[in-house]
Structure formats: structure tokens, C-alpha cells
Amino acid sequence: MLTNLEHLGLAVPDLAAATALYAKLLGTEPYKTEHVASEAVDTVFFQVGGSKIELLAGTSPESAITRFLEKKPAGIHHVAFEVDDIEAEMARLRTEGFVLLNEAPKRGADNKLVCFVHPKSAGGVLVELCQTIIADLTNF
Ligand SMILES: C[C@@H](C(=O)O)C(=O)SCCNC(=O)CCNC(=O)[C@H](O)C(C)(C)COP(=O)(O)OP(=O)(O)OC[C@H]1O[C@@H](n2cnc3c(N)ncnc32)[C@H](O)[C@@H]1OP(=O)(O)O
Ligand SMILES: [Co+2]
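Residues numbered from 1 in each chain as written. Chains lettered and ligands numbered in written order. Predicted model: local features only at pLDDT ≥ 70, side-chain atom pairs only at ≥ 80, totals over all residues. Heavy atoms only, no water.

Novice: Honestly, the pattern of salt bridges in this entry has me stumped. Any pointers?
Specialist: Oppositely charged side chains can form a pair if their charged atoms are brought close together. Evaluated as defined, the whole model comprises eight salt bridges. Among the salt bridges present, the one from Asp110 reaches Lys52, with a minimum N-O distance of 2.9 Å. Here Asp110, found in the loop between strand E6 (106–107) and strand E7 (112–117), pairs with Lys52, found in strand E4 (residues 51–58); they are 58 residues apart in sequence, far enough to count as distant. An identical accessibility class is assigned to Asp110 and Lys52; each is buried. (Salt bridge = Lys/Arg side-chain N within 4 Å of Asp/Glu carboxyl O. Helix = DSSP H or I, 4+ residues; strand = E, 2+ residues; numbered from the N terminus. Buried < 20%, exposed > 50% of the residue type's maximum accessible area, 1.4 Å probe, protein only.)

Novice: Just checking my understanding: could you explain the coordination of the cobalt ion (ligand 2) for this structure?
Specialist: Six octahedral donors around a metal ideally sit at 90 or 180 degrees from one another, while four tetrahedral donors ideally sit at 109.5 degrees. Coordination of the cobalt ion (ligand 2) by the protein involves His7 (NE2), Glu54 (OE), His78 (NE2) and Glu128 (OE), with metal-donor separations of 2.1 to 2.2 Å. For the cobalt ion (ligand 2), the six donor atoms are set out with angles of 78 to 174° between them, so the coordination reads as octahedral. Counting the intervening residues between successive donors of the cobalt ion (ligand 2) yields the motif H-x46-E-x23-H-x49-E. Of this pair, His7 sits in strand E1 (residues 2–11) while Glu128 sits in strand E8 (residues 127–132), placing them 121 residues apart in sequence. Residue classification places His7 among the buried residues on the basis of a relative accessible area of 3%. (Donors = N, O, S within 2.8 Å, 3.2 Å for Na, K, Ca; no water. Tetrahedral: all angles 85-135°; square planar, octahedral: opposite > 155°, others 65-115°.)

Novice: Before we go on, may I ask you to explain the site of ligand 1 in this structure?
Specialist: By nearness alone, 23 residues border ligand 1, and Glu39, Glu54, Lys71, Ala109 and Lys120 come closest of all. In this structure, Glu39 approaches ligand 1 through a side-chain N or O atom, which is 2.8 Å from a nitrogen atom. Compared with its free state, where it exposes 1,000 Å², ligand 1 has 74% of that area covered by protein. Taking a 2 Å distance to the grid points as the criterion, the majority of the atoms of ligand 1 fall inside the largest pocket. (Near = heavy atom within 4 Å. Polar contact = N/O pair within 3.5 Å; in protein donor to acceptor, adjacent residues only side chain to side chain. Areas by Shrake-Rupley, 256 points an atom, 1.4 Å probe, with all protein chains shown as cover. 1 Å grid on protein atoms, 1.4 Å probe; cavity = no way out; pocket = protein on both sides within 12 Å on 5 of 7 lines; lining within 4 Å. Sits in = over half its atoms within 2 Å of the grid points.)

Novice: Can you walk me through the layout of surface pockets in this structure?
Specialist: If you roll a probe as big as a water molecule over the atoms, it shows you where there is empty space left. Roughly 840 Å³ of internal volume is contained in the largest pocket. Looking at the lining of the largest pocket residue by residue, the class counts come to 15 nonpolar, seven polar and nine charged. (Points joined across faces, edges and corners; volume = space filled by probe spheres on them. Nonpolar A, V, L, I, M, F, W, Y, C, P; charged D, E, K, R; others polar.)

Novice: In this structure, what is going on with the side chain of Asn102? I would like to understand it.
Specialist: Relative to the elements of secondary structure, Asn102 occurs in the loop between helix H3 (86–95) and E6. Asn102 gets classed as buried once you look at its relative accessible area, which sits at 10%. There is a polar contact of 2.9 Å between the side chain of Asn102 and the backbone oxygen of Ala104. Within the structure, the side chain of Asn102 is placed 3.3 Å from the backbone oxygen of Val114, a separation counted as a polar contact. Leave out the neighbours within four places in its chain, and Asn102 touches Met90, Arg94, Val114, Cys115 and Phe116. (Contact = heavy atoms within 4.5 Å.)

Novice: Sorry, what's going on with unusual backbone geometry here?
Specialist: Working note: non-glycine residues mostly have negative phi, and peptide bonds are mostly trans. In this structure, Asp110 takes a positive phi of about 55° despite not being glycine. You can call Asp110 buried: its relative accessible area is 11%. Here the phi dihedral of Asn111 falls at roughly 65°; this positive angle occurs in a residue that is not glycine.

Note that every value here comes from positions in space, so none of it alone points to a role or purpose.
Here's what the structure looks like:
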């Protein structure tokens, strides 16, 4: 089940400038910055009520963000939904004919397992599913 609009991912060419702009716009400082090597992105997160803004800058020419900004202006890159069971949602979306961009959930930013849905199968919008990783406390 989709339970929340988890974040909006915004592609930006200059992370420092965009962070200053969004801090002013939202009237709050970011709560987290994180480099996600597997996606070749640097991220900055702002909390907005029950949802978040994720600023993304590419860190390599192959990064999805760098490629996106070669073709399109800075702005909304993806819409991310929180899910309670990512494997179940992936199976449901496959059955509905959506094209998933990863076979299995992978580690995203901010303590999430994520999966992307191809924009060509989702009305031109890149969709991300996110499930919060529950810490394994069995060793404590
Ligand atoms: C860390 C994290 C997190 O929250 O945890 C993140 O969000 S990481 C966020 C960054 N990571 C990702 O986005 C991973 C998933 N994305 C991808 O695998 C890729 O970016 C694809 C979406 C498959 C596009 O890659 P590809 O190499 O095919 O790019 P391409 O430039 O040839 O684009 C193919 C077609 O898709 C369109 N296209 C590309 N990116 C798009 C986007 N974000 N929204 C809507 N359409 C998009 C292009 O305009 C093009 O359309 P035309 O054919 O009409 O010209
Ligand atoms: Co994201």
C-alpha cells in the first residue's frame, strides 16, 4: 500500500545555491545531507510537514541527475511514495504493466529501500517507491 507522498526529488545544478534558496523559501534549514554513491548523487533533505523535499545534484557524468539536466531545466525530477511493503508493491505494479527500473529494492538515501518506475510507463513521471529500513536490533 502507498501510505504517503514521501518526497519530491528536485534536480539542481548547484547544490549549495539551491540549498540556500530552499532554506529561504521553506523558512527552515535542511535536516540532512547525504552522498549516495550508488546513484552518483549528493542530496539535501528538508522536512515539509509529513513530507520532504530532496535536492539532488549529480556527482558524475553518468548520474541520472546530470543526464536529466543536460536535457531539461532544473526542477522536479521524481515523485516518491512511501510504501509499507516494497516487494509487494513492486509485484503489484509489475502485474499492472509498469516497467520497474530495478529488479530488487536497493538502498536509497535517508534510511530507505527504494525502487524506481520508468517514466515512460508512468505518464512521463519518474516514480520512486520508498520503504523505511527498520534497524535490526537483534544484536542489542
Ligand atoms: C538517492 C535517491 C533517494 O531518494 O533515495 C534518489 O532519488 S536518486 C535519483 C537519481 N536516480 C534515478 O533517477 C534512478 C532511476 N532513473 C533512471 O534509471 C534513469 O534516469 C531513467 C529514468 C531510466 C532515464 O535514463 P536514460 O539513460 O534512459 O535517460 P535518457 O536521458 O535517455 O532518457 C530517456 C527518456 O526518459 C526521459 N526521462 C529521463 N529522466 C526523466 C525523469 N526524471 N522524468 C521524466 N522523464 C525522464 C527522457 O526525457 C527521455 O525521454 P525522450 O525519449 O522522450 O527524450
Ligand atoms: Co528520491
